[in-house]
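These are the residues of each chain, in order.
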Amino acid sequence: MSRLLFSRFAHYLDEIANRGSIRKAAEKLNVSASAINKQLIGAEEEFGVALFERLPRGMRLTSAGELLVNGYREWNKDLSRIKSEIEELKGLRRGEVKIAASQETVPDFLPAAIARFMKDHPRIRNSVAVVDSDRVRQLVREGGADFGLTFSPLPLPGVIVTRSADFHLIAILPAAAAAKQPDRISMDEFFMKPTIVPDASSHLRDVVDIAAARSDTRFQPVLTTNSLALMRSMVREGCGFGVTAVASGMPLEHEGGLHYARIDDDGLPPMVLSLIVDPRRSLSMTSIIARRYFEEYLDEIALRTGKDQDNSIE
């Protein structure tokens, strides 16, 4: 029996099982009862087992028939799901992607990565929860996010890392229009100025503390905050130097009122951004495709690492 004929016969079989009668199945399917009966007899001969018990008041599946019908129903369910997901990809339906991201990704990495997906799939709803790095894993585990971006140190129990990239500590200086500003500064130069830094909720703070310890500095920031946006605003106002994290190999793109400079210290450990998923969860095709956009962007970052680029953090 060919695949096409088997698919048609399995549909007939399902209707007989549902209605308990070849005649009733034929009426529902608008097919002659003799044609259905002929296919049933042929299938039973091919399988070598009876698929139905012929009873005075109808038809009842045998164990072999139940196995075949259940298999067909599962296959049909999977086919419907796949068709639905393909329609999502074609933009015929609205899907949703839920992302949990560490706040350190917001200034530079996250907008660039998610913009690509949104431009290609404008009808998809996107939800981004910006939380502490440790909370990212929790949201992924609880189903509050389809995937996450976290700087939490490895290992990360209960999730798997599909991609990662090294980020480095970068100083944020107030822009000075009249003077040329350095692309690199030493840790001593950084800590000689008033510092505006994240609080302990940000993994950036761990790296700043390590940098201060390495330079034997009595670290006394003029402002500590859980808002990286506020930190940048206060640097722009000229109140001190701040910090951010930029992916290895990426150019330092200065923005209005702010200037980026690499902090020279090869002994500082890189911050590792990990894209994490929960292997127990089955995600929609929309979420899987969105995740691939982020993975491809992280792959591009990895390719840039080590290449000689003017004004990059390498």
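Residues numbered from 1 in each chain as written. Predicted model: local features only at pLDDT ≥ 70, side-chain atom pairs only at ≥ 80, totals over all residues. Heavy atoms only, no water.

Quick look at empty space enclosed by the protein
The gaps of empty space that remain are located by a probe, the size of a water molecule, rolled over the atoms.
Then, in step 1: A complete count under the given rule lists one cavity of 30 Å³ or more for this structure.
Then, in step 2: Put simply, the parts of the chain that give the lining of the largest cavity at least two residues each are helix 9 (228–236) and strand 10 (242–247).
Then, in step 3: Here the element with the most residues in the lining of the largest cavity is helix 9; it accounts for three residues.
Then, in step 4: Considering only residue class, the lining of the largest cavity consists of five nonpolar, one polar and two charged. (1 Å grid on protein atoms, 1.4 Å probe; cavity = no way out; pocket = protein on both sides within 12 Å on 5 of 7 lines; lining within 4 Å. Points joined across faces, edges and corners; volume = space filled by probe spheres on them. Helix = DSSP H or I, 4+ residues; strand = E, 2+ residues; numbered from the N terminus. Nonpolar A, V, L, I, M, F, W, Y, C, P; charged D, E, K, R; others polar.)

Describing the nonpolar core
Then, in step 1: Of all hydrophobic cores here, the largest spans 56 residues; its most connected members are Phe 109, Phe 167, Leu 169 and Phe 294.
Then, in step 2: Dropping the residues within four chain positions of it, Phe 109 is found in contact with Leu 149, Phe 167, Leu 273, Phe 294, Tyr 297, Leu 298 and Ile 301.
Then, in step 3: Core analysis: the second largest hydrophobic core is formed by 17 residues, Ile 22, Ala 26, Ile 36 and Phe 52 among them. (Core = buried A, V, L, I, M, F, W, Y, C linked by side-chain atoms within 4.5 Å. Buried < 20%, exposed > 50% of the residue type's maximum accessible area, 1.4 Å probe, protein only. Contact = heavy atoms within 4.5 Å.)

Digging into the packing of helix 5 (residues 109–120) against helix 10 (residues 285–304)
Geometry of a packed helix pair, given as the angle between the helix axes and the separation of the axes.
Then, in step 1: Remark: helix 5 packs on helix 10, axes separated minimally by 10 Å, with the N-to-C direction vectors making an angle of 135 degrees. Comparing their axes, helix 10 and helix 5 come out oblique. As for the relative orientation of helix 5 and helix 10, their crossing is right-handed in sense. For the pair helix 5 and helix 10, the contacting residues are Phe 109, Leu 110, Ala 112, Ala 113, Ile 114, Arg 116, Phe 117 and Asp 120 in the first and Thr 286, Ile 289, Ala 290, Tyr 293, Phe 294, Tyr 297, Leu 298, Glu 300 and Ile 301 in the second.
Then, in step 2: Considering only residue class, the contact of helix 5 with helix 10 consists of 13 nonpolar, one polar and three charged. (Axes fitted to C-alpha atoms, helices over the stretch in contact; angles between N-to-C directions. Parallel < 35°, antiparallel > 145°, perpendicular 65-115°, else oblique. Left-handed = near helix turned anticlockwise from the far one by under 90°.)

Details of helix 2 (residues 22–29)
Then, in step 1: Listed as buried for helix 2 are Ile 22, Ala 25, Ala 26 and Leu 29. Along the long axis of helix 2, the arc covered by the buried residues comes to 100 degrees, so they all point the same way. Structural note: helix 2 exposes Glu 27 and Lys 28 on the side pointing more than 90 degrees away from its buried face.
Then, in step 2: Taking the backbone nitrogen of Arg 23 as reference, a side-chain oxygen 3.1 Å away marks Ser 21 as the first, capping residue of helix 2.
Then, in step 3: One or two residues past the end of helix 2 sits Asn 30, with phi positive at roughly 60 degrees. (Arc of directions from axis to C-beta. Polar contact = N/O pair within 3.5 Å; in protein donor to acceptor, adjacent residues only side chain to side chain.)

Quick look at the pairing of strand 3 (residues 96–102)
Then, in step 1: Summarising burial for strand 3: five of the seven residues are buried, a large majority.
Then, in step 2: Pairing of strand 3 with strand 4 (residues 125–131), which is carried by seven bridges, proceeds in the parallel orientation. What sits directly across from Lys 98, in strand 4, is Ser 127.
Then, in step 3: Tracing the backbone out of strand 3, into helix 5 and back to the parallel element strand 4 gives a crossover that is right-handed.
Then, in step 4: Of the pairings in the sheet, the one linking strand 3 to strand 5 (residues 147–150) comprises three bridges and is parallel in character. When the bridges of strand 5 are listed, Ala 101 appears paired with Leu 149. (Pairing = 2+ DSSP bridges. Right-handed = clockwise from strand over helix to strand, strands pointing away.)

Here we look at the layout of surface pockets
Then, in step 1: In this structure, the largest pocket spans a volume of roughly 270 Å³.
Then, in step 2: Lining the largest pocket are 16 residues, with Asp 108, Met 250, Pro 251, Glu 253 and Tyr 297 positioned closest to its centre.
Then, in step 3: Elements supplying a minimum of two residues to the lining of the largest pocket: helix 5, strand 10 and helix 10.
Then, in step 4: Its residues assigned to classes, the lining of the largest pocket comprises 12 nonpolar, no polar and four charged.

Any functional reading would require information that these geometric values do not contain.
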